[in-house]
Amino acid sequence: MNISILGSTGSIGTQTLDIVRDHSDEFKVTAITGNKNVALLERQAREFKPELVCVADVASARELKIKLNDTNIKVLGGKESLIEASSIQSADTVVTAVVGMTGIEPTISAIKSRKRVALANKETLVAAGNIIKECEAEYGKCIIPVDSEHSAIFQSMQGMADKREIKKIILTASGGPFYGKKREDLVNITPADALHNPNWDMGAKVTIDSSTLVNKGLEMIEAKWLFDIPMDKIEVVVHRQSVVHSAVEFVDNAVIAQLGMPDMRVPIQYALTYPNRMSIQRNELDLTEYASLTFEKPDTKTFYALELARKAGIEGGTLATVFNAADEAAVELFLKGELSYMGISEAIEYAMNEHNNIKNPTLSDIYDADKEAREAVYKRRK
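Applying the stated criterion across every chain, the model contains five aromatic pairs. Taking the centre distance of 5.2 Å and the plane angle of 75° together, the rings of Phe178 and Tyr341 count as edge-to-face. Of this pair, Phe178 sits in the loop between strand 8 (166-173) and helix 8 (191-194) while Tyr341 sits in the loop between helix 13 (319-335) and helix 14 (342-354), and the two are 163 residues apart along the sequence. By relative accessible area, Tyr341 is classed as buried at 2%. Taken together, a centroid distance of 5.7 Å and an interplanar angle of 65° make the contact between Phe334 and Tyr341 edge-to-face. Assessed through its relative accessible area of 1%, Phe334 is described here as buried.

Quick look at the nonpolar core now. Membership of the largest hydrophobic core comes to 115 residues, with the highest contact counts inside it found for Phe227, Phe323, Tyr341 and Ile344. In this structure, Phe323 is in contact with Val214, Leu218, Ala305, Leu308, Ala309, Ala312, Ile348 and Met352, ignoring residues within four places of it in sequence.

Quick look at unusual backbone geometry now. Cis geometry is adopted by the peptide bond preceding Pro275, which originates at Tyr274 and carries an omega value of 10°. A positive phi angle, near 60°, is found at Arg114, a position not held by glycine. In this structure, Arg114 sits in the loop between helix 5 (104-112) and strand 6 (116-119). Residue classification places Arg114 among the exposed positions, given a relative accessible area of 57%. Although it is not a glycine, Asn253 adopts a positive phi angle of roughly 75°. Structurally, the position occupied by Asn253 is in the loop between strand 10 (244-250) and strand 11 (255-259). On the basis of relative accessibility, which here comes to 48%, the residue Asn253 falls in the partly exposed class.

Further remarks concern the pattern of salt bridges. Following the criterion strictly, the structure yields 26 salt bridges and no others. Of the charged contacts in the structure, one is a salt bridge between Lys336 and Glu332, with a shortest N-O distance of 3.1 Å. Its relative accessible area of 53% is what places Lys336 among the exposed residues. A salt bridge links Arg374 to Asp370; the shortest N-O distance between them is 2.8 Å. Of this pair, Arg374 and Asp370 both sit in helix 15 (residues 363-381), four residues apart, which is roughly one turn of the helix.

Between its terminal C-alpha atoms helix 1 (residues 11-22) stretches 17 Å, which fits the 16 Å expected from 12 residues at 1.5 Å a residue. Taken as a whole, helix 1 has its buried residues at Ile12, Gly13, Gln15, Thr16, Leu17, Ile19 and Val20.

Further remarks concern the side chain of Ser345. Positionally, Ser345 belongs in helix 14. Not counting residues within four places of it along the chain, the set of residues in contact with Ser345 comprises Tyr304, Ala305 and Leu308.

The sheet built from four strands is open, its strands ordered 9-8-10-11 with mixed pairing. Each end of this open sheet is capped by a strand with a single partner; those strands are strand 9 (234-238) and strand 11. Here the strands of the sheet are splayed against their neighbours by 20° on average, with no regard to which way each runs. In terms of strand pairing, strand 8 meets strand 9 through five bridges, oriented parallel.

Cut-off values and rules
Residues numbered from 1 in each chain as written. Predicted model: local features only at pLDDT ≥ 70, side-chain atom pairs only at ≥ 80, totals over all residues. Heavy atoms only, no water. Phe/Tyr/Trp six-rings, centres within 6.5 Å; stacked < 30°, edge-to-face > 60°. Helix = DSSP H or I, 4+ residues; strand = E, 2+ residues; numbered from the N terminus. Buried < 20%, exposed > 50% of the residue type's maximum accessible area, 1.4 Å probe, protein only. Core = buried A, V, L, I, M, F, W, Y, C linked by side-chain atoms within 4.5 Å. Contact = heavy atoms within 4.5 Å. Salt bridge = Lys/Arg side-chain N within 4 Å of Asp/Glu carboxyl O. Expected span 1.5 Å × (residues − 1). Pairing = 2+ DSSP bridges. Axes fitted to C-alpha atoms, helices over the stretch in contact; angles between N-to-C directions.

Quick look at the structure:
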């Protein structure tokens, strides 16, 4: 299988390359992309010898082109170069692991090029779910989820004949570092306090989102589009052990779940090999090591961003874009020390209240809503 990896220098991208190393007889990397990490891109290019390397930052692309001058690897620069990497003829599968709204257009390009899309970019479906589904309707369903929760749901649905058999989707959440805390306990939370997840090793933005339950809100909206499920059939439960990655309850009350150690290589590899499986030699789950597995309802009074996400998912349109963009802007300010921890959810709520929702947005509408939400958060801070 030939793979193009959008975002090869990030967490998902580097773990995808780990899988390629482990199964070099099964996979070949034909394209990789990054932003400014020239040193890592050079090492990856020399090791995996892709046809194409795309660098979003133009100056970094020029630097990398000089460094790889002794090879036959093509180097392109600019965000638009991601489109070429996502539609490169030699790739069978495109792993979309870039961060933020940057992932939308390359994902559309990959779908139109009839690639399998291993999707690890939440914003694509959260902000542009209606457009992505229209593309899939025209060019064929091709998205396999990489997020651990959505992969678990996808795996639990295998063998299902009709989506009407689904009673509800159960998304599990670790609860983050502030599990059990109330609003008054979170007044003086610092970025250092929030940048700790009890089970998962993630980047700063995702770790903060996990602590506020924004991440779980984004996953609810993503699940709505991935599985064509209404928001009222998506339930979030706090599962501190992070062994059950998510589950599906069917109309006969049977519940099928996917279990495993917290290890992103499993959902990444399954997205690449579906419907088949390949071995992973480490991080095996031993259920005898767990005295109990617990499940609780989330505290949506304290972590009320989860309910804001549910509202955005129900109303649809550009409101989900606003939820995502306002959170990104608020987390940025929090990490800089310019916004309080509880101010993140407050900023999201403010931006959503200020927005006039567009029900069936174009890409232009989505980008405008994204910009508007960020400006609202920055303005409110002053």
